[in-house]
Amino acid sequence: MDIPHLAHHLFVLIFLIFLFNTAATQSSNFEDSNEPFRICKYERFAEVQRECSSFMSSTSKLKLEKEKVYYETATELSFVNGDWVQEAGGAPLMPFDDSDMPKNFSNPGSLLKLVSFWLMGIDFSRQLENAIYICGYLSIAITRDRTSSQRPETWSPLFFKRPGTSELRIPFEGFYMESEENEGERLMCMLGTSIPPFSEGSSDPINWSMPYRSGCDQQSSLSLEDRIMLVLRYPKRYTLTHREIYGEMRSLNENSNPNYFDRVYMSSQLGYNSKYLFGSEMVSSKAPDLYPDQHELVDNGVKFKGLQFCKAFLKFEGENFDIVENSRCDGKGENCNNLHPFVLGNGVKAVNGIPPKFRLMMNNLHCVPEDDLNEPETAKASAAFRAFSSPENWLTAGGRTGLSGMTMSAEGTWNSSSGQFCMVGCVGLTNTGSDGCNSRVCLHFPATFSITQRSIISGTISSLQKRDSYSPLLFRKVLYSLDLWNSYYVYSNSYLSYKYSKIESASILLKRNEFTLGTIMKKSFLKYPSVEDTNNITGVSHLSNELSFGAYALPDPLHNSRLPKTYVWLEVLSLGSLFGRYWPDWSDSYQTADIKLLNNSDSTKQNQLLNVSAYLTLTGESYGHISLLFLEGLYNPLDGKIFFIGCRDAPVFHESIINNPSLENRMDCLIEVKVEYSSRTIRWLINPTAKVSISSQRNDEDPLYFRPIILKTDLIPYRDNSKDIMIRRNFEAVLRILVLSTSIACMLIQLLYIRKKANVIPFISLTMFGVQALCFSLPLFTGTAILFKWKEFEGHMNHRYPRKTMWFQVLDCIVKSLLLVAFVLSLRLFQKIQKSRLRLLAKKPLNVNQNPSDIPVFLSSWTIHMVGFLTLLIIGNKKSENGVRTRNYYFKPPEWVTDLGEYMGLVQDLFLLPQIIGNIIWKKTQVKPLTEAYYIGFTALRLLIRAYDYVRDPLLRFYYHEKDIKPCSELFSKSEEIVIMAILPVLAITVGLQQRWNFNRGTKVSTSVDLDSTSQELLSS
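A. The arrangement of the overall build of the protein in detail. Along its length, the protein carries 22 helices and 31 strands. Here the protein holds 1021 residues, and the buried ones make up 48% of them. Carbon and sulfur atoms make up 56% of the accessible area of the protein, which totals about 52,900 Å².

Okay, structure coming up:
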């Protein structure tokens, strides 16, 4: 075998060996992926055994299984974002920097004290008869609005502090044990090593605010504190009354030691890694009293079977509910100041007798359908509820696991025959037994929606005791249209339907506003959002999206330009025959036949009207009384108007409102709302907007009356604007061709005019045609936009439009050809004027009337434009300082360069200015230098361009952010544009008057000269 072949075989062999070793390593890593982290340092075995001996003496023999099985069980011992409190003994655990809040702010309830624990490793080599050696990592923090950090991957103590957050991380090692006490519990006793949060001599609280961060590198020189004991207790069985995790952390130092701190108590609960055991005796004993009278239910509810109920119930994991205001609250009584059965903390106080708004979150859900074939419609389920104030972040509230007076654990059995799911509720720490489990939680799943019923789920929390009972606490989850195609898409299309009740009233409102001149004109010439076939659910779904919008708005008419904008959000819930939304791409996840089709009346079908239900949300302090409206009405696709009847939650903190007979289900429904959409026909020119009018039908003296509100929105984004882009491109190309063709015609007429009347040529301004030639040549040589540029919104990323097709390339060639012709004609006119003036130079005597000069004309025009440009720059800088004028600097030239390009358009508009100055300087001009077709025609063209630029809106992109809504040019405001358009005809009229005056004066002079010569001839004869 030759050497090359041998080398080849050796290379293949080495590659195969390397590949085998790599695969073996990866396989080994994969096998060890489920093993505990091996980052722990087991260095204190004897010390832990000595300190934890009192706990080990009462534990039972520990039965061990295989390592991996035991590891899976041990993962239940980790928890995150539990609560902790500390004894008030004068030795705090850590400092806290509150410099992130105003000095006059004092609300202890705004601070969150969270604790997390992770089991990091198990040492099977140090196994005792009744214990096994483990290690863990504790994170304990004081924060305002953030949860604990992620699971650590290093084994080092850490203290971190910044304004609004303090966090202490402590590694622990110790023993895991099991005991039969307290109906069976698991226990961990560990010792930890910490970095002292207070350095020596910093007991003065003034020094606590100093910036301080400690890590393994930065604080290696500091003495570590290792006299810390942590004891955690877990229940063996996860049930309704056995779910809490208790913890205690204390210092083993003497009270005089600087590192001593008062005891810390922790609480959390078992979570998803633990198996929940149903069948609590508490639920069985109180089952007969769980289901109350059902006369207040809006309908019979959805009749789930056992498995269906579990699938639907688990979808509400992490959902937060609005707590309905107590109807008995009059602003003074006790009913306004409680949240029974929850126990409010000390930091939660009512303001002016009105408590802060609270919400309710439901998580930690478990559900098991019954296995009994005789009862397939039943299921067992449990949940954990947490009440939290509205200022608290709901994501933070959802991540908390501590048990307190603001939490409730509940368990019950679903039975489809009742239409309700009722549970026994235990408030706070559930180890109190039956004494703390005296609440009843009932959930109702409505099957129908209406204007006064928009809840996908509603519930009540009431007392099971006849003594010490309290008013039921009502809560609900309002279903918004966004939920219909996200979280509850399949649910809504499978179980829910809509029932209209205000269509008659909306029809009367529509007829009252139907026959107007504007409406007739709109129906004749304009088209509005519509759908051709109302039975096509895909088309109806797209129309629902088009009618829904979210945009900023201002009052109309606007009396004060400094008013803050209000965000208006209109969400269509049902339209025509469709409730919710329909996405064909999701058709595999459910049967299309299950989509709820609503029945419209025959009258609405004949008149092409569509029934609509929607939500209207207004943000801002000025509209707090109508921040949320539930709407029902009729949409007329012929004129783009929806006439709604609206309902709002009536404020219950007013004595005259509590028993108002005009309320429907505690809602004020005497509200009229009209929404007007812009036309689809002119969408390529003007961006879509909406006008919202809201008025009350009540008398002025009624406490529920409010003044009429009219809001005009900014542009409304819509996804597919490709057709509008094509229409605008075609229109602007045709407009350029029309303007350039007309410009060429005007210049040809001027050429023919001066060919017949050569004596007028010297009195035409060279500066005027020089400016025109310059403006025609710039796009040819620089590639800038011709006549007017493409108008769009600018953002951080330029919008990518489709490449130009052959049709647009042909149009571009035509435009550039016409532009070249216009440039040549302007040069020809410039050349004729210059030659005519050179001929006059040879004649004598010379004076300004016989040989006019353009030097003073040029200097005067240049001075006027320079002053005007500098003035606009100064005004623009002031607007930028005041925040009125903003500009995006991403990949953009300097601002003055952009403004100069914009100002060149104004120079073209004022093309007659040099001729007017020349007519003034050349006082004895007795001719008409310009034909009317030229200066009137060019003025009309410039007016057309300026008017089109004034009317058209910047092009709307598919997606945009508020920061991106900035026009590409902001040199001239709308009012300044109007002033410019008003100046153009004034200049044309001025030229006409000058020429007529000079020509008439020249005619009189020539006539008098002829008479004098005739009389002299007669006398001589």
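Having seen the structure, we can now continue with the description.
B. The arrangement of the pairing of strand 4 (residues 158–162) in detail. For strand 4, a buried count of 4 out of 5 residues is recorded, marking the element as mostly surrounded by other parts of the structure. Pairing of strand 4 with strand 5 (residues 165–179) involves 5 bridges; the strand directions are antiparallel. Bridge pairing in strand 5 places Arg162 opposite Thr165.

C. Up close: the packing of aromatic side chains. The full count for this structure, using the stated rule, is 43 aromatic pairs. Taking the centre distance of 5.6 Å and the plane angle of 55° together, the rings of Tyr42 and Tyr133 count as tilted. Of this pair, Tyr42 sits in the loop between helix 1 (3–31) and helix 2 (45–51) while Tyr133 is found in strand 3 (residues 132–143), placing the two residues 91 residues apart along the sequence. The class of Tyr42 is partly exposed, set by a relative accessible area of 22%. Tyr133 gets classed as buried once you look at its relative accessible area, which sits at 0%. Ring centres of Phe763 and Trp922 lie 6.5 Å apart, and the angle between their planes is 70°; on these two criteria the pair is classed as edge-to-face.

D. Representation of the state of the cysteines within the structure. Under the counting rule described, the total for this entry stands at 6 disulfides. Residue Cys52 pairs covalently with Cys189 via a disulfide, S to S 1.9 Å. Here the disulfide of Cys52 and Cys189 is left-handed, its torsion about the S-S bond being about -75°. Of this pair, Cys52 sits in the loop between helix 2 and helix 3 (53–56) while Cys189 sits in strand 6 (residues 185–194), placing them 137 residues apart in sequence. Grouping residues by exposure puts Cys52 and Cys189 together as buried. Between the sulfur atoms of Cys310 and its disulfide partner Cys367 the distance amounts to 2.1 Å. Classification of the bridge connecting Cys310 and Cys367 rests on its S-S torsion, roughly -70°, and on that basis the disulfide is left-handed. Separated by 57 residues along the polypeptide, Cys310 in helix 6 (residues 306–314) and Cys367 in strand 12 (residues 358–369) bring together distant segments of the chain. With a relative accessible area of 5%, Cys310 lands in the buried category.

E. Seen up close, unusual backbone geometry. Between His340 and Pro341 the backbone carries a cis peptide bond, its omega angle lying at 10°. Position of Pro341 among the secondary structure elements: in the loop between strand 11 (319–323) and strand 12. Omega for the bond connecting Asp556 with Pro557 falls within 30 degrees of zero, at 0°, which places this linkage in the cis form. As for its position among the elements, Pro557 is in the loop between strand 21 (549–555) and strand 22 (566–575). In this structure, Asn364 is a non-glycine residue whose phi angle is positive, near 55°. Relative to the helices and strands, Asn364 resides in strand 12. For Asn364, a relative accessible area of 7% puts it in the buried group. Even without a glycine there, the phi angle at Asn665 is positive, about 55°. Mapped onto the fold, Asn665 is located in the loop between helix 14 (655–658) and strand 27 (667–677).

F. A look at the environment of Pro341. For Pro341, a relative accessible area of 13% corresponds to the buried category. Non-local contacts of Pro341, meaning those with residues more than four positions away in its chain, are made with Met408, Val427, Ser439, Ile461 and Tyr470.

G. Broad picture of the nonpolar core. Of all hydrophobic cores here, the largest spans 62 residues; its most connected members are Phe309, Phe313, Phe385 and Phe445. Each residue touching Phe385, except ones within four places of it in the same chain, is listed here: Leu360, Met361, Met362, Met406, Thr407, Met408, Ala410, Met423, Val441 and Phe475. Listed in part, the 54 residues of the second largest apolar core include Ile917, Phe938, Leu987 and Ala988.

H. Broad picture of helix 6. Those residues of helix 6 lying buried are Gly306, Phe309, Cys310, Ala312 and Phe313. Residues of helix 6 that are buried in the fold lie against strand 12, strand 13 (378–389), strand 14 (407–415), strand 15 (420–427), strand 16 (439–444) and helix 9 (489–495).

I. Just the pattern of salt bridges, in detail. Scanning all chains against the criterion turns up 30 salt bridges. A salt bridge links Arg227 to Glu51; the shortest N-O distance between them is 3.4 Å. Note that Arg227 is positioned in strand 8 (residues 225–235) and Glu51 in helix 2, a separation of 176 residues in sequence. Taking the relative accessible area as the measure of exposure, Arg227 reaches 25% and is therefore partly exposed. With a relative accessible area of 22%, Glu51 lands in the partly exposed category. A salt bridge links Asp909 to Arg946, with the shortest nitrogen-to-oxygen separation between them at 2.2 Å. Separated by 37 residues along the polypeptide, Asp909 in helix 19 (residues 895–909) and Arg946 in helix 21 (residues 932–951) bring together distant segments of the chain.

J. Structural detail: the environment of Lys236. Assignment of secondary structure puts Lys236 in the loop between strand 8 and strand 9 (244–251). A C-alpha to C-alpha distance of 6.1 Å links Lys236 and Arg186, two positions 50 residues apart in sequence. If sequence neighbours within four positions are ignored, Lys236 has contacts with Glu178, Ser179, Glu180, Gly184, Glu185 and Arg186. A polar atom in the side chain of Lys236 sits 3.1 Å from the side chain of Glu180.

K. Geometry of the pairing of strand 10 (residues 264–269). Of all the 6 residues making up strand 10, 5 are buried; the element is thus mostly covered by neighbouring parts of the structure. Where strand 1 (residues 79–86) and strand 10 come together, 4 bridges link them in antiparallel fashion. Following the sheet pairing, Gln86 is matched in strand 10 by Val264. Pairing analysis gives 6 bridges linking strand 9 to strand 10, with the strands arranged antiparallel. When the bridges of strand 10 are listed, Met249 appears paired with Val264.

L. Structural detail: the sheet that holds strand 12. The 8 strands are arranged 11-12-13-14-15-16-18-19 in a closed barrel whose pairing can be described as antiparallel. Put simply, the sheet's adjacent strands are angled 30° from each other on average, direction ignored. Where strand 18 (residues 455–463) meets strand 19 (residues 473–478), 6 bridges bridge the pair, whose relative direction is antiparallel. In the strand pairing of strand 19, Ile457 is matched with Lys477. Packing of helix 6 onto the sheet brings it into contact with strand 12, strand 13, strand 14, strand 15 and strand 16, and relative to strand 12 it is tilted by some 145°.

M. Up close: the side chain of Asp123. Tracing the backbone through its elements, the reader meets Asp123 in strand 2 (residues 112–127). With residues up to four places along the chain from it excluded, the contact list for Asp123 reads Tyr42, Ile132 and Tyr133.

N. Representation of a nonpolar patch on the surface. A surface patch of nonpolar side chains, amounting to about 610 Å² of accessible area, comprises Ile855, Phe858, Leu859, Trp862, Met866 and Leu870. Residue placement: Trp862 occurs in helix 18 (residues 855–881). The class of Trp862 is partly exposed, set by a relative accessible area of 47%.

O. Quick peek at a positive patch on the surface. Judged by side-chain charge, Arg755, Arg828, Lys835 and Arg839 come together as a positively charged surface patch. By residue number, the principal contributor to the positive patch is helix 17 (residues 806–841), which donates 3 residues. Relative to the assigned elements, Arg755 resides in helix 15 (residues 722–756). For Arg755, a relative accessible area of 65% puts it in the exposed group.

P. Just the environment of Gln994, in detail. In this structure, Gln994 sits in helix 22 (residues 974–1020). Gln994 sits in the buried class, given a relative accessible area of 15%. Counting along the chain gives 66 residues from Gln994 to Lys928, while the straight-line C-alpha distance between them is 8.7 Å. Beyond its immediate chain neighbours, meaning those up to four positions away, Gln994 contacts Gln915, Ile916, Asn919 and Ile920. A distance of 3.5 Å separates the side chain of Gln994 from the backbone oxygen of Ile916, its partner in a polar contact. Side chain to side chain, Gln994 and Asn919 meet in a polar contact 2.8 Å long.

Q. Structural context of the packing of helix 15 against helix 17. Helix 17 packs onto helix 15 with a crossing angle of 20° between their chain directions and a minimal axis gap of 9 Å. Here helix 15 lies roughly parallel to helix 17, going by the angle between them. Between helix 15 and helix 17 lies a crossing of left-handed hand. For the contact of helix 15 with helix 17, the class distribution of residues is 20 nonpolar, 4 polar and 4 charged.

Rules used in this analysis
Residues numbered from 1 in each chain as written. Predicted model: local features only at pLDDT ≥ 70, side-chain atom pairs only at ≥ 80, totals over all residues. Heavy atoms only, no water. Helix = DSSP H or I, 4+ residues; strand = E, 2+ residues; numbered from the N terminus. Buried < 20%, exposed > 50% of the residue type's maximum accessible area, 1.4 Å probe, protein only. Areas by Shrake-Rupley, 256 points an atom, 1.4 Å probe, with all protein chains shown as cover. Pairing = 2+ DSSP bridges. Phe/Tyr/Trp six-rings, centres within 6.5 Å; stacked < 30°, edge-to-face > 60°. Disulfide = S-S within 2.5 Å. Contact = heavy atoms within 4.5 Å. Core = buried A, V, L, I, M, F, W, Y, C linked by side-chain atoms within 4.5 Å. Salt bridge = Lys/Arg side-chain N within 4 Å of Asp/Glu carboxyl O. Polar contact = N/O pair within 3.5 Å; in protein donor to acceptor, adjacent residues only side chain to side chain. Axes fitted to C-alpha atoms, helices over the stretch in contact; angles between N-to-C directions. Patch = residues over 30% accessible without salt bridge, like charges linked within 9 Å, V, L, I, M, F, W, Y side chains within 5 Å. Lys, Arg positive; Asp, Glu negative; His and termini not counted. Charge placed at Lys NZ, Arg CZ, Asp CG, Glu CD. Parallel < 35°, antiparallel > 145°, perpendicular 65-115°, else oblique. Left-handed = near helix turned anticlockwise from the far one by under 90°. Nonpolar A, V, L, I, M, F, W, Y, C, P; charged D, E, K, R; others polar.

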